[in-house]
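Secondary and tertiary structure notes
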Amino acid sequence: MQPMSSPTSGAAGAARAPSWGGVFALSLGAFALIASEFMPVSLLTPIAADLHITEGQAGQAISVSGAFAVLTSLFISVLAGDLDRKRLLLGLTGVMMLSGAVVALAPNYEIFMLGRALIGIVIGGFWSMSAATAMRLVPEDKVPRALAILNGGNALATVVAAPLGSFLGGLIGWRGAFFFVVPVAAIVLVWQMASLPAMQAQGRTNIGGIFRVLRRPVVASGMAALSLFFMGQFALFTYLRPFLETVAHVDVATLSLLLLAMGVTGFIGTSLIGRFLQGGLYRTLTVIPLLMALIAAALLLPGGGVAMIAVLLGLWGLFATSAPVGWWTWVARTLPDEAEIGGGLMVAVAQLAITAGAVVGGILFDTSGPVATFGSSAGLLLAAALLAALTARQGMRQVERQAAPALRAG
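It should be emphasised that the depicted structure is a prediction, and the values quoted were computed from it without experimental measurement. (Residues numbered from 1 in each chain as written. Predicted model: local features only at pLDDT ≥ 70, side-chain atom pairs only at ≥ 80, totals over all residues. Heavy atoms only, no water.)

1. Section: the nonpolar core
Counting residues in hydrophobic clusters, the biggest one holds 118 residues, and the most contacted among them are F112, M223, L240, L244, L299 and W316. If you tally residues by element for this core, the top one is helix α10 (residues 217-237), at 12 residues. In this structure, L299 is in contact with L236, F243, I309, L312, L313 and F374, ignoring residues within four places of it in sequence. (Core = buried A, V, L, I, M, F, W, Y, C linked by side-chain atoms within 4.5 Å. Buried < 20%, exposed > 50% of the residue type's maximum accessible area, 1.4 Å probe, protein only. Helix = DSSP H or I, 4+ residues; strand = E, 2+ residues; numbered from the N terminus. Contact = heavy atoms within 4.5 Å.)

Encoded structure:
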């Protein structure tokens, strides 16, 4: 998930020649990072078997990375201080390589989770500055293209991460699949060293400002809806492989195809959602979790077969992958003068929700099975839809309050 950055960040890039090599290096870094973050989803079963743990415990690999991402996204600007942002990005890429090696060579569960904590640090740090960094690499009129390239790496990883992990896990084992990220990150590191210019710090995140905007009713209800949405999504998504293997009885090849289909429909959804957001932002934010709740419930219906499950998962990918675009749009419209603060807050809330969803889903999966896990996902998504509708009302009230002084003056 990419952070929102202030439009003024692009002004720094206006005075320098475009550094497209740096932009593409960031895009490849985004691909490697997203692949690392969500690869456990398709590898829970072999990880659990090899490390002698439950699949629910293996699913906490996403939980721990999310927890460390939250902490990092909130405090990295303060901790980094005046450190050149190029050096900071290079350091984070080095930690990404270290994480892949630690996970691949982990002799036990504790070392495995240490490696996942390291990738969480990279997730929080990279997404907290990547978009703003891209804006400093090109002239202002080229910023939209630079951000499109950066998000291309994110979108591509969303499509291929889960099926690639499943395929590599079957071919070279789950350890080899995780180690696959290391050479990719090494290429990113060398590319960044060669292409990124020196980038002095331009200020620090104001932690107090984040909590100040939360006092606004529309922001509080919107962030609550966002949190419940990601909790519901990842309570189900994290434990999709064990569900498919134990309930649908699919083999590794079929699993890879199903995950690939979800990625492809997600890419399509991301490409199409813009027109729906233009026609009705809050309607889209309300309808998507409602439809996903229905899909979660439908997956539990008996006798559906692999074909029906494939259709439902394709629809899940279509909605789930495109939904964050809607929430980024909401941040930009709700906090137009504080978009950087809103974006940082959204990164922290989303990562915390992903962590909570994976934890809740894992506990329920281990104790009660997939019915309880998917049922909780549906309930959380329904709650997210209700809160999105409430946020729409709060948003209308905010607009009315902002317009009132002008009306009185007229």
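What follows picks up the thread again.
2. Details of the side chain of S19
Among the secondary structure elements, S19 is positioned in the loop between α1 (11-14) and α2 (20-38). Residue S19 is classed as buried on the basis of its relative accessible area, which comes to 13%. In this view, S19 contacts L137, V138, S195 and P197; residues no more than four positions away in its chain are not counted.

3. Describing the pattern of salt bridges
Tallied over the entire structure, the rule returns two salt bridges. We note a salt bridge from R175 to D50, for which the minimum N-O separation is 3.0 Å. Of the two residues, R175 is situated in helix α7 (residues 143-179) and D50 in helix α3 (residues 44-51); the sequence distance between them amounts to 125 residues. With a closest N to O distance of 2.8 Å, E245 and R241 form a salt bridge. Note that E245 and R241 are positioned in helix α11 (residues 240-248) at a spacing of four residues, about one turn of the helix. (Salt bridge = Lys/Arg side-chain N within 4 Å of Asp/Glu carboxyl O.)

4. Considerations on the packing of helix α5 (residues 85-105) against helix α8 (residues 181-195)
Where α5 meets α8, the closest approach of the two axes is 8 Å, and the angle between their N-to-C directions is 165°. Judged on the interaxial angle alone, α8 and α5 are roughly antiparallel. As for the relative orientation of α5 and α8, their crossing is left-handed in sense. Contact residues: α5 offers K86, L89, L90, T93, M96, M97, G100 and A101, while α8 offers V181, V182, A185, A186, V188, L189, Q192 and M193. Counted by class, the contact of α5 with α8 contains 12 nonpolar, three polar and one charged residues. (Axes fitted to C-alpha atoms, helices over the stretch in contact; angles between N-to-C directions. Parallel < 35°, antiparallel > 145°, perpendicular 65-115°, else oblique. Left-handed = near helix turned anticlockwise from the far one by under 90°. Nonpolar A, V, L, I, M, F, W, Y, C, P; charged D, E, K, R; others polar.)

5. Section: unusual backbone geometry
Trans is the prevailing form of peptide bonds, just as negative phi is the prevailing case for residues other than glycine. Of note, the phi angle at H52 is positive, near 60°, even though the residue is not glycine. Within the secondary structure, H52 sits in the loop between α3 and α4 (55-80). The backbone phi angle of H249 is positive, close to 55°, even though this residue is not glycine. Note that H249 resides in the loop between α11 and α12 (252-279).

6. Considerations on helix α13 (residues 281-298)
Along its 18 residues, α13 runs 26 Å from first to last C-alpha, staying within 8% of the 26 Å computed at 1.5 Å per residue. Three or more residues of α13 are buried, namely L281, T284, L285, T286, I288, P289, M292, A293, I295 and A296. (Expected span 1.5 Å × (residues − 1).)

7. Looking at the packing of α4 against α5
At their nearest, the axes of α4 and α5 sit 12 Å apart, and the two run at 130° to each other. What the angle tells us is that α4 and α5 run oblique. The two elements α4 and α5 meet at a crossing, and its hand is right-handed. Side by side, α4 and α5 meet where I76, S77 and A80 of the first sit next to R85, L88 and L92 of the second. Among the residues forming the contact of α4 with α5, the class breakdown is four nonpolar, one polar and one charged.

8. A word on empty space enclosed by the protein
Using a probe with the size of a water molecule, rolled over the atoms, empty space left in the structure can be pinpointed. Under the definition given, this model contains two cavities of 30 Å³ or more. Roughly 50 Å³ of volume is contained in the largest cavity. Lining the largest cavity are S36, M96, S99, G100, V103, R116, I119, F178 and V181. A total of four residues in the lining of the largest cavity trace back to one element, the largest contributor, which is α5. Here the lining of the largest cavity is built from residues that sort into five nonpolar, three polar and one charged. As a volume, the second largest cavity reaches approximately 40 Å³. Lining the second largest cavity, in full, are F31, A32, A35, L164, F180, V181 and V184. At the level of elements, α2 and α8 are the ones that each hand at least two residues to the lining of the second largest cavity. Ranked by the residues each element gives to the lining of the second largest cavity, the list is headed by α2, at three residues. (1 Å grid on protein atoms, 1.4 Å probe; cavity = no way out; pocket = protein on both sides within 12 Å on 5 of 7 lines; lining within 4 Å. Points joined across faces, edges and corners; volume = space filled by probe spheres on them.)

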